[in-house]
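What follows is each chain in one-letter form.
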Amino acid sequence: MGTILREHLLQPSATSMDVPGVRLITFPGNPSGPRNLTFAQHPGSCPFEIKRVYWLHDLHGGAIRGSHAHKTLYQLLTAVTGAFEIVVDNGQIRRSFHLDRPTLGLLLGPGLWRVIRALCDGSAMVVLASACYDEDDYIRDYECFKEYVDLNR
Ligand code: T46
């Protein structure tokens, strides 16, 4: 993807409407004391059965990840260290989310273009996913994504 398109896609939409299929989730933590422990489980704060867990780590501030959409995958993203800006786009509405603590998760359903930017050195993100890795589930070209969501709307 060209730099100009990528920068354009990082700009949040002017609208304040929610993006369907996107939700911020506050995870439960250790209820009985001062220990820092946060968890997600299904059933529970994770609305899908977890089939895969992966993590993006040792990112430097400004690192860009994502720039793709998924056809069927559900994901729950959390910043375990550092902070991220995540710009989510459903082809009509674009909105920016800030993840900066391990108690906060961002749920992303299918059909959402996302651009993820690490905001500081050493940032790390854990992702819970509803399916095993399948490259055929990815749409990695923004114009193809637009065609895909227009056809499936
Ligand atoms: C997403 C964001 C948040 C695998 O072999 N297995 C895996 O489970 C994953 C996630 C990736 N890969 C391979 C595929 C590529 O050759 O690892 C390489 C890097 O993957 P990608 O460029 O997709 O990485 P990110 O960080 O841009 O995106 C990842 C996820 O792929 C994606 O689902 O939403 O994290």
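The coordinates are above.
What you see is a predicted model, and the numbers here were worked out from it, not measured in a lab. (Residues numbered from 1 in each chain as written. Predicted model: local features only at pLDDT ≥ 70, side-chain atom pairs only at ≥ 80, totals over all residues. Heavy atoms only, no water.)

Draft legend 1. Structural view of the environment of Ala124. With respect to the helices and strands, Ala124 occurs in strand β9 (residues 123-129). Among the residues examined, Ala124 registers a relative accessible area of 12% and is labelled buried. C-alpha of Ala124 to C-alpha of Ala79: the two residues are 45 residues apart in sequence and 5.9 Å apart in space. Ignoring sequence-local partners within four residues, the contact set of Ala124 consists of Leu56, His57, Thr78, Ala79, Val80, Thr81 and Phe84. (Helix = DSSP H or I, 4+ residues; strand = E, 2+ residues; numbered from the N terminus. Buried < 20%, exposed > 50% of the residue type's maximum accessible area, 1.4 Å probe, protein only. Contact = heavy atoms within 4.5 Å.)

Draft legend 2. Examining the sheet that holds strand β5 (residues 84-89) more closely. Read across the sheet, five strands follow the order β6-β5-β8-β3-β10 without closing on themselves; strand pairing throughout is antiparallel. Each having just a single partner strand, β6 (94-99) and β10 (138-139) make up the two edges of the open sheet. Looking at chain direction, strand β3 (residues 64-70) and β10 are connected through two bridges and run antiparallel. Each residue of the ladder has a partner; that of His70, found in β10, is Tyr138. (Pairing = 2+ DSSP bridges.)

Draft legend 3. A look at the side chain of His68. By the secondary structure assignment, His68 is in strand β3. His68 sits in the buried class, given a relative accessible area of 11%. In this structure the side chain of His68 is engaged in a polar contact, spanning 3.2 Å, whose partner is the backbone oxygen of Gly66. Discounting chain neighbours no more than four positions away, the residues touching His68 are Leu112, Trp113, Arg114, Tyr138, Ile139 and Arg140. (Polar contact = N/O pair within 3.5 Å; in protein donor to acceptor, adjacent residues only side chain to side chain.)

Draft legend 4. Inspection of the layout of surface pockets at higher detail. What the largest pocket holds in volume is close to 160 Å³. Around the largest pocket, the lining residues are Tyr54, Leu56, Arg65, Gly66, His68, His70, Gln75, Leu77, Arg114, Ile116, Val127 and Tyr138. Partitioned by chemical class, the residues of the lining of the largest pocket number six nonpolar, four polar and two charged. (1 Å grid on protein atoms, 1.4 Å probe; cavity = no way out; pocket = protein on both sides within 12 Å on 5 of 7 lines; lining within 4 Å. Points joined across faces, edges and corners; volume = space filled by probe spheres on them. Nonpolar A, V, L, I, M, F, W, Y, C, P; charged D, E, K, R; others polar.)

Draft legend 5. Seen up close, unusual backbone geometry. A cis amide bond links His42 to the next residue, Pro43, at an omega of 0°. Mapped onto the fold, Pro43 is located in the loop between β1 (22-26) and β2 (52-59). A positive phi is found at Asp58, a non-glycine position, where the angle reads about 55°. Here Asp58 shows up in strand β2. Since its relative accessible area comes to 66%, Asp58 is described here as exposed. One non-glycine residue with positive phi stands out, namely Ser67, at about 60°.

Draft legend 6. Looking closely at the sheet that holds strand β7 (residues 104-108). With respect to topology, five strands assemble into an open sheet ordered β1-β7-β4-β9-β2, the strand pairing being antiparallel. Pairing within the sheet leaves two strands with one partner each, and these edge strands are β1 and β2. The average undirected angle you get between the axes of adjacent strands in this sheet is 20°. With five bridges joining them, β1 and β7 adopt antiparallel strand pairing. Note on β7: the bridge partner recorded for Ile25 is Gly105. (Axes fitted to C-alpha atoms, helices over the stretch in contact; angles between N-to-C directions.)

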